[in-house]
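Secondary and tertiary structure notes
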Amino acid sequence: PPLSKEYLAGEQDLDDVILLDEDFCTAKSIEVMTGTRVERIDAAAGRAELAGGGEVPGDAFLLATGSRARRLPGVEGDRVIYLRTLDDATRLRGYLQPGARIVLVGGGFIGSEVASTARAAGADVTVLEALAVPFERILGRQMGQLCAQLQRDHGVDLRTGQTVESVDVGDSGVAVRTGAGDVVEGDVVVIGIGTVPNIEVAERSGIAVDGGVLVDEYCRTSVENVWAAGDVVNTWQPLFGRRLRVEHFDNASKQGMAAAKNMLGQATAYDDAHWFWSDQFGLNLQQSGVAERWDQIVVRGSVEDRDFMAFYLDAGVVRAAFAIERGGDMYVAQQMILAQAAPDPAKLADEDVELAELMAS
């Protein structure tokens with residue numbers, strides 16, 4: 001997360017973003033093997049086979065191979081950035097200065113957060129988004145329109161309903177041609193159009209995959225003694241009655257803990273409401289649950305003041321929540337989603353009624 005926010009803005013350095021530092025690994029007896037690629041897992045033989053020969057023995061194996069940035073075919077070069085790694089963020093940080101022209105393809109989380117960081121640095125920002133509004137698939141048209149206005153209010157040239165026909169990369173800049181025939185010029189183009197799960201090791205190991213590594217609610221794959229967690233998995237979610245591939249920091253952390261318990265023989269179902277946050281233009285945005293089907297949105301607070309929580313109800317049941325500057329209420333909202341609560345909509349909208357009391361009742 002810091003690569004599109006604090007690190008990109010120069011507010012953090014390398015030490016702040018390292019996940020497994022050497023002292024921690026030494027203290028916990030963790031052996032980290034870098035520059036080492038696993039060819040396949042032979043769980044029956046109890047080993048991970050390494051590319052180029054060699055193996056690592058094991059009784060239990062976890063696939064946490066994550067995901068990689070989805071790329072536009074043939075669109076590469078020094079002025080093209082797919083923000084995924086520390087090197088990507090460091091390279092982009094060099095462009096963020098007053099007057100720089102930043103073109104963003106994709107108005108999702110990467111696009112929106114980079115737009116916010118770039119505008120704070122004084123850069124000119126153009127965002128090309130394929131949908132009618134940003135986040136339409138996860139928040140719907142109403143809340144997506146609010147996110148669009150947030151960008152425009154801070155000087156972002158947000159253009160929705162835009163497809164990319166081509167990207168020309170030169171020595172001094174880039175030119176992005178849209179499906180409508182417009183040409184947007186910039187010093188650099190950042191492409192944030194989603195991710196692709198890294199399923200190759202699973203495939204070579206005979207593990208079932210379909211839009212990610214298939215696991216049940218206990219993080220088990222189709223092969224005995226092999227588990228998987230994080231961005232790479234397509235998980236069965238009993239709470240929502242379907243499979244989901246969730247690409248958020250909190251999901252990877254919680255699912256990783258659940259997988260560890262199951263690998264140690266402590267049966268632990270992973271049935272989370274899912275939660276993510278995004279810092280944009282001085283505001284904190286949070287969402288929990290899956291807002292793919294609803295018949296009512298109940299708003300608590302002020303949309304105009306950008307200080308509210310919106311509850312997505314399906315047949316009266318809380319299925320998801322989206323908030324701006326209401327992070328303190330999100331925990332209770334998550335409990336409502338997990339409990340499949342059906343609160344009185346009038347009380348849900350009434351700020352004189354405490355959410356915790358409403359949940360308790």
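For clarity, every value in this text was computed on a predicted model and none was experimentally measured.

Bringing the overall build of the protein chain into the picture now. In terms of regular secondary structure, the protein chain is built from ten helices and 23 strands. Whereas a compact globule of 361 residues would reach a radius of gyration of roughly 21 Å, the protein chain reaches 22 Å, a difference of no more than 12%. Judged by the C-alpha coordinates and their principal axes, the protein chain covers about 65 × 60 × 40 Å. Contacts in the protein chain between residues at least 24 apart in sequence constitute 54% of all its contacts with a sequence separation of at least 6. In the protein chain, which carries 32 positive and 56 negative side-chain charges, the distance between the mean positions of the two groups comes to 4 Å.

This part is about the nonpolar core. Within the largest apolar cluster, 40 residues are counted, with the highest numbers of intra-cluster contacts made by Leu 92, Ile 102, Leu 104, Val 125, Met 143 and Phe 322. The greatest single-element share of this core, amounting to six residues, is contributed by helix α5 (residues 136–153).

A grouping of Asp 13, Asp 15, Asp 16, Asp 21, Glu 22 and Asp 23 is seen on the molecular surface, where their side chains present a negatively charged patch. Every element with two or more residues in the negative patch is listed here: α1 (14–17) and α2 (22–27). In this structure Asp 13 comes out as partly exposed when scored by relative accessible area, which is 41%.

For the rest of this paragraph, the subject is the sheet that holds strand β2 (residues 47–50). Across the sheet, which stays open at both edges, the three strands sit in the order β1-β2-β3 with antiparallel pairing between neighbours. Each of the sheet's edge strands pairs with one partner strand only, and the pair in question is β1 (38–42) and β3 (55–57). Adjacent strand axes in the sheet meet at a mean angle of 20° when their direction is disregarded. In this sheet, β3 lies alongside β2 in antiparallel orientation, the contact comprising three bridges. The residue bridging Ala 48 from the neighbouring strand is Val 56, located in β3.

Parameters and conventions
Residues numbered from 1 in each chain as written. Predicted model: local features only at pLDDT ≥ 70, side-chain atom pairs only at ≥ 80, totals over all residues. Heavy atoms only, no water. Helix = DSSP H or I, 4+ residues; strand = E, 2+ residues; numbered from the N terminus. Rg over C-alpha atoms; globule rule 2.2 N^0.38 Å. Contact = heavy atoms within 4.5 Å. Lys, Arg positive; Asp, Glu negative; His and termini not counted. Charge placed at Lys NZ, Arg CZ, Asp CG, Glu CD. Core = buried A, V, L, I, M, F, W, Y, C linked by side-chain atoms within 4.5 Å. Buried < 20%, exposed > 50% of the residue type's maximum accessible area, 1.4 Å probe, protein only. Patch = residues over 30% accessible without salt bridge, like charges linked within 9 Å, V, L, I, M, F, W, Y side chains within 5 Å. Areas by Shrake-Rupley, 256 points an atom, 1.4 Å probe, with all protein chains shown as cover. Salt bridge = Lys/Arg side-chain N within 4 Å of Asp/Glu carboxyl O. Pairing = 2+ DSSP bridges. Axes fitted to C-alpha atoms, helices over the stretch in contact; angles between N-to-C directions.

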